[in-house]
Amino acid sequence: TLITGRIMGVEAPKQAAYTGQENAPEEKLTLFTSQGVRIVSLNEIASIQFTDPQIASDVNRALDLIMTSRESGTRNLTLRLPGAAARDISLGYVIPSPVWKVSYRLDISDGKEGPFIQGWAIVDNDSDTDWKNVQLSLVTGRPVSFIQNLYAPYYLSRPEVPLAIAGIAEANTYDSGYTSALAAEEMYDMEYNLAMSAPAFAPSAARQKQESVSAAGAFGGYGGNTSAQAAGDQFEFTVKEPVTLLRRQSAMIPLVEAAVKAEKTLVFSGSRAANGGIVHPALCAELTNNTGMKLPAGPVTVFDGGSYSGDALLEFFPEGEKRLISYGDDLSVTGSLVSESSREVISVTAAKGVMTITRNVTYTKNYTFRNMSGVSRRLIAEHPVTRGTTLSEPKTFSERTDSLYRFALELPPQRELVFTVKEETPVQERVTLSQLRLDTLLTYVSSGDIPVNMKTALQRAVELKQAADTAAAELSSLETQYSRKVSEQDRIRKNLEAAGNETQQGRDYLNRLVTMDGEIDDISARIEQARTASLNAQDAYSTYLQSISVN
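All of these numbers come straight from a predicted model, not from anything done at the bench.

Trainee: Would you take a moment to explain the environment of V375 for this structure?
Mentor: Relative to the elements of secondary structure, V375 occurs in the loop between strand 18 (354-371) and strand 19 (377-384). Sequence separation between V375 and Q414 is 39 residues, and the spatial gap between their C-alpha atoms is 7.9 Å.

Trainee: Looking at this structure, how should I read the pairing of strand 18?
Mentor: Here 18 bridges tie strand 17 (residues 333-351) to strand 18, and the two strands are oriented antiparallel to one another. Across the sheet, A350 pairs through a bridge with M355, a residue of strand 18. Count of turn residues in the strand 17/strand 18 antiparallel hairpin: two residues, of which K352 carries a positive phi of about 55°. Of the strand pairs in this sheet, strand 18 and strand 23 (residues 415-432) are connected by 18 bridges, and their pairing is antiparallel.

Trainee: Teacher, can you tell me more about the packing of aromatic side chains here?
Mentor: The relation between two aromatic rings is expressed through the spacing of the ring centres and the mutual angle of the planes. Enumeration over the complete set of coordinates arrives at eight aromatic pairs. An angle of 85° between the planes, with centres 5.0 Å apart, marks the rings of F268 and F369 as edge-to-face. Highlighted residues: F268 in strand 12 (residues 261-269) and F369 in strand 18, separated in sequence by 101 residues. Considered together, F268 and F369 belong to a single accessibility category, that of buried residues. Here the aromatic residues F397, Y405, F407 and F419 are joined through ring pairs into a cluster of three or more.

Trainee: Quick question: what am I supposed to make of helix 1 (residues 53-69) here?
Mentor: Note on helix geometry: an α-helix contains 3.6 residues per turn, so any two residues three or four positions apart are oriented the same way. Helix length check: helix 1, at 17 residues, gives a terminal C-alpha distance of 25 Å against a target of 24 Å (1.5 Å per residue), a fit within 8%. Capping the start of helix 1 is the job of one residue whose side-chain oxygen sits 3.0 Å from the backbone nitrogen of Q54: D52.

Trainee: Looking at this model, I keep getting lost on the packing of helix 4 (residues 438-446) against helix 5 (residues 452-499). Mind explaining?
Mentor: Describing two packed helices takes the angle between their axes plus the distance from one axis to the other. Running from N to C, helix 4 and helix 5 cross one another at 160°; their axes reach a closest spacing of 9 Å. Our classification of the angle between helix 4 and helix 5 gives roughly antiparallel. Regarding helix 4 and helix 5, the two cross each other, and that crossing is left-handed. Mapping the contact onto sequence places L438, L441, L442, Y444 and V445 in helix 4 and K455, L458, Q459, V462, K465, Q466 and D469 in helix 5. Within the contact of helix 4 with helix 5, the residues separate by chemical class into seven nonpolar, two polar and three charged.

Trainee: Any chance you could explain the pattern of salt bridges here in plain terms?
Mentor: Any two side chains of opposite charge can pair, given that their charged atoms come close. Across all of its chains, the model carries 25 salt bridges by this definition. Among the ionic pairs, R359 bridges to E429, the shortest N-O distance being 2.5 Å. Remark: E429 occurs in strand 23 and R359 occurs in strand 18; sequence separation between them is 70 residues. Two residues, E382 and R406, come together in a salt bridge whose shortest N-O distance is 2.9 Å.

Trainee: Sorry, what's going on with the nonpolar core here?
Mentor: The nonpolar side chains of soluble globular proteins are, as a tendency, buried together. Counting 29 residues, the largest nonpolar core has W100, Y104, L106, V300 and I325 as its most contacted members. Counting residues per element, the ones that place at least two in this core are strand 4 (101-107), strand 5 (116-125), strand 9 (234-239), strand 11 (249-259), strand 13 (282-288), strand 14 (298-304), strand 15 (307-314) and strand 16 (322-329). Leaving out residues up to four positions away in the same chain, Y104 has contacts with I117, Q118, G119, V256, L295, P296, G298, P299, V300, T301 and L314. In this structure, L433, Y444, V445 and L464 belong to the second largest nonpolar core, which totals 23 residues.

Trainee: Is there a simple way to think about unusual backbone geometry in this case?
Mentor: Peptide bonds are, in most cases, trans, and in most cases residues other than glycine have a negative phi. Omega for the peptide link from E393 to P394 comes to -10°, which places this bond in the cis form. Tracing the backbone through its elements, the reader meets P394 in the loop between strand 20 (390-393) and strand 21 (399-400). For R248, which is not a glycine, the phi torsion comes out positive at approximately 60°. Looking at where R248 falls in the secondary structure, it is placed in the loop between strand 10 (243-245) and strand 11. R248 gets classed as exposed once you look at its relative accessible area, which sits at 51%. A positive phi angle is found at K352, which is not glycine, with a value near 55°. If you trace the backbone, K352 turns up in the loop between strand 17 and strand 18.

Here is what the cut-offs are and how they apply
- Residues numbered from 1 in each chain as written.
- Predicted model: local features only at pLDDT ≥ 70, side-chain atom pairs only at ≥ 80, totals over all residues.
- Heavy atoms only, no water.
- Helix = DSSP H or I, 4+ residues; strand = E, 2+ residues; numbered from the N terminus.
- Pairing = 2+ DSSP bridges.
- Phe/Tyr/Trp six-rings, centres within 6.5 Å; stacked < 30°, edge-to-face > 60°.
- Buried < 20%, exposed > 50% of the residue type's maximum accessible area, 1.4 Å probe, protein only.
- Expected span 1.5 Å × (residues − 1).
- Polar contact = N/O pair within 3.5 Å; in protein donor to acceptor, adjacent residues only side chain to side chain.
- Axes fitted to C-alpha atoms, helices over the stretch in contact; angles between N-to-C directions.
- Parallel < 35°, antiparallel > 145°, perpendicular 65-115°, else oblique.
- Left-handed = near helix turned anticlockwise from the far one by under 90°.
- Contact = heavy atoms within 4.5 Å.
- Nonpolar A, V, L, I, M, F, W, Y, C, P; charged D, E, K, R; others polar.
- Salt bridge = Lys/Arg side-chain N within 4 Å of Asp/Glu carboxyl O.
- Core = buried A, V, L, I, M, F, W, Y, C linked by side-chain atoms within 4.5 Å.

So this is what it looks like as structure tokens:
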């Protein structure tokens, strides 16, 4: 049956509970027709046709939008090239891709060819598109990179400004401006967060070269060599042969294969030894990048004498730079550290009542190394720099970083070697002489660190200090006697008032008051004399302290 009408709504009747599909509520379609309102079950409808062309167009447009949203990353780009002449154009674009990684193999054996390094770039094609004969360039560096959506339109809200009609000006306040001096920071080598497992076998040098060529052929048919060149402040490796790499696949591309300057050495960490105990030095190789290219950061598998020796990590390695890499511990060599410090008076000066004592503080670190092997070992001792000090022993060092010194040593076989490092720094102590007690002055006078001319000046100060202290003690004693006499006089006066003047006891109290008045007058006079003497002695002491001048 054909029913024509306008859709008023779709509803599902409410039902308290149902079990099974047969009891499920039926959805109803409500239509407004020429015969009135009709309610039709959706289960009875086989097809729906929109008679309004506009509604049909809207539904069709909505379906188009839904289809388009499934490919939101797709962009349609239209190129318009005005002009009559034919020309060649190239189109480039940027897409996100995994970071390429590096793995190295370093052979430090003492062979005819000397130390040898090989490196492979690990490249991942995680896209859904196969790479077929593409020109691949790998760039190392740390550029600023971000994503900004320039395709979607953006709108900025505009503030509503009132009409410019008569009124009063708005009151505004403005904060004070300021400038900021940015501290200069030392730039270190670029860091890379790379991790790569390395093979645990060590073929011969000739076989290594042969395997590198055959491996290149196995990974897509491109050659093992890459051309390297500077790309601004970065470095670019370009694979000479086109690369073919299927989607969701990875490949190892030969990156570098060259002889390298390397020297085996041991490195002892003074920072670790400072925590106490016996420390083994690290097995290291001192590399110099003479490959002519900047090497990216990556793990290094180290071989020595045809066998696996350990793994190391190599940070970004500029050309011409020297770098240490560690790949194990040498258990045949041990080291320990004993620390001590001492103070020595360099000079003592005095001026305007202030004595300045300059001491030289020496921090001594005694390293003891024991080589239990039968051959001599080259060792680099890393000594942490004590801030604010200068190196006094030894006078020179092999290298220095911001935080440590490096000293090159030769350890004799089956012997012990004691290596001492001393750092010094001057420390000044300023002493206000007028605030010193007598016993402290006597300590400085008897000290062996104080020079003779300063001792002589302080000895005279001791004498004046003793005189001032004696005068002050005499004054204090007289003032104590005066207080006692006045207190006794007050007590006798109260007793006299209680006994009366006419009694015999009262007359005795009166005689005692007269006698005590004379004694108090005498003590008062002596106090004035003692006060004058104390002030004079203290003034003489203070004046002398200000007059001391010792250089």
